[in-house]
Amino acid sequence: MYRQTAQAQIMPPPVPTMSGWAQQVITQRLTDECQSEVLEFLARRPLHTVTLVGIIRDNGLVSAFNRGNFYACRNRAGELEGVALIGHATLMETRTERALQAFAEIAQKCTTARMIMGEQERIEEFWNCYSNDGQTMRRACRELLFELRWPIEVRKPSEGLRLATPEDLELILPVHAEMAFDESGVNPLEVDPVGFRERCLRRIEQGRTWVWIESGKLIFKTDIVSYTESVVYLEGVWTAPEHRGKGYGLNCMSELGHLLLQRVDSICVLVNEQNIAAHDFYKRSGFKFQSVYDTIFLA
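For every chain, the first residue of its written sequence is number 1, and the numbers climb from 1 along that sequence. Residue-level local features of this predicted model are given only where pLDDT is at least 70; pairs of side-chain atoms are given and counted only at 80 or more, and the full residue set underlies all totals for whole chains, interfaces and linings. Hydrogens and water molecules were not included; the side-chain quantities draw on all heavy atoms of the structure.

J.: Please explain the packing of aromatic side chains as it appears in this structure.
T.: Aromatic ring pairs are defined here through the distance separating the ring centres and the angle between the ring planes. A pair of aromatic rings is counted whenever rings of Phe, Tyr or Trp (Trp by its six-membered ring) have centres within 6.5 Å, and the orientation is called stacked for planes under 30 degrees apart, edge-to-face for over 60 and tilted otherwise. Applying the stated criterion across every chain yields a total of seven aromatic pairs. Look at Phe 126 and Tyr 130: their rings are 5.8 Å apart centre to centre, the planes differ by 15°, and that puts the pair in the stacked class. Here the residue Phe 126 and the residue Tyr 130 both occupy positions in helix H4 (residues 120-130), the gap between them amounting to four residues, near one helical turn. We note that Phe 126, like Tyr 130, is buried. Note on Trp 127 and Tyr 130: the rings are 5.4 Å apart at their centroids and 35° apart in plane angle, and the pair reads as tilted. Here Trp 127 pairs with Tyr 130, and both are found in helix H4, just three residues apart, close to one helical turn. The secondary structure listing takes helices from DSSP runs of H or I that are at least 4 residues long and strands from runs of E that are at least 2 residues long, numbered from the N terminus. Remark: exposure states derive from per-residue accessible area (1.4 Å probe, protein chains only) relative to the maximum for the residue type, with buried under 20%, exposed over 50%, and partly exposed in between.

Here you go:
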């Protein structure tokens, strides 16, 4: 599906790109002064830009929490054709092929990149531009984007669904790390234990992690990765193996869905293409398939 390649460091802004379609555009590292313009650009496709918007609303365009740098791609009239976060996670929203190529050329020089994610067609085109001089692929997976909107089925309320507190961190960490390992092949508790703990704790302190805990055991958990004015993006939905198939997860998702959909238009999740059990779970919860995404993990 994708060609594999070699390595490369981020160039200083502004950077005119001079090859292919990109010769007619200018890429520039973004500063917080551009935030309103960028959010307006991303607001045109809220379901597909929820992660980028959430990161910007949480951290701004310039922050160590972004684990990378935001770039803009503009035409010669100064109009935005694309916005990308290039770093540990590389994410992008583009309107033109030349913007995609321009971002690929910058990403080739980023040595901290570990993951590239986006809609299938865009990532395939991005990889075609990136792979000749970028980092090599370690693994790739295809994911399906599911979305939940009103109306949703009313189910039995869960007995203990609540926001997590810092005291719950030790129960949450190993579960979240195991899910990350299953998807990426890397255990964050082994490669970055301090950073991973800090990020999980920050999400809890932001009121983004929901749990059901009984007798000191975690029964259900999920995380709100991004929260925008119109979309919530969930990650890490997990039910303890001994409680699966008993309706615990469905009840928790129903309760959380009713709560969140009072504030936003939709809730979305990405699910590995091969995880048929998860597809069934989300369909039974009222989610509908919307799009195909690709994730590439880099060496």
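J.: Explain the environment of Ile 296 to me, please; I cannot follow it from the model alone.
T.: Mapped onto the fold, Ile 296 is located in strand S13 (residues 288-298). You can call Ile 296 buried: its relative accessible area is 0%. Between the C-alpha atom of Ile 296 and that of Met 117, which follows or precedes it by 179 residues, the distance is 6.4 Å.

J.: Any chance you could explain helix H2 (residues 46-59) here in plain terms?
T.: Residues lying three or four places apart along an α-helix face the same way, a consequence of the helix completing one turn every 3.6 residues. Expected span of a helix: the number of residues minus one, times 1.5 Å. In a regular helix each residue adds 1.5 Å, so 14 residues correspond to 20 Å; H2 covers 18 Å between its end C-alpha atoms and thus fits that length. Its axis deflected by about 40° at Leu 52, H2 carries its strongest bend there. With 10 of 14 residues buried, H2 is to be regarded as a mostly interior element. Turning to H2, its buried residues number three or more, namely Leu 47, Thr 49, Val 50, Thr 51, Leu 52, Val 53, Gly 54, Ile 55, Ile 56 and Asn 59. Residue Gly 60 follows H2 closely and has a positive phi angle near 85°. Bend at a residue means the angle formed by two fitted axes: the first through the 7 residues ending at that position, the second through the 7 residues beginning there.

J.: It is not clear to me how the pattern of salt bridges should be interpreted in this structure. Could you clarify?
T.: Side chains that carry opposite charge are capable of pairing whenever their charged atoms lie near each other. Think of a salt bridge as a Lys or Arg side-chain nitrogen and an Asp or Glu carboxyl oxygen that are within 4 Å of each other. By the definition in use, this model includes 19 salt bridges. With a closest N to O distance of 2.8 Å, Arg 74 and Glu 37 form a salt bridge. Highlighted residues: Arg 74 in strand S3 (residues 68-75) and Glu 37 in helix H1 (residues 35-42), separated in sequence by 37 residues. The class for Glu 37 is partly exposed, based on a relative accessible area of 33%.

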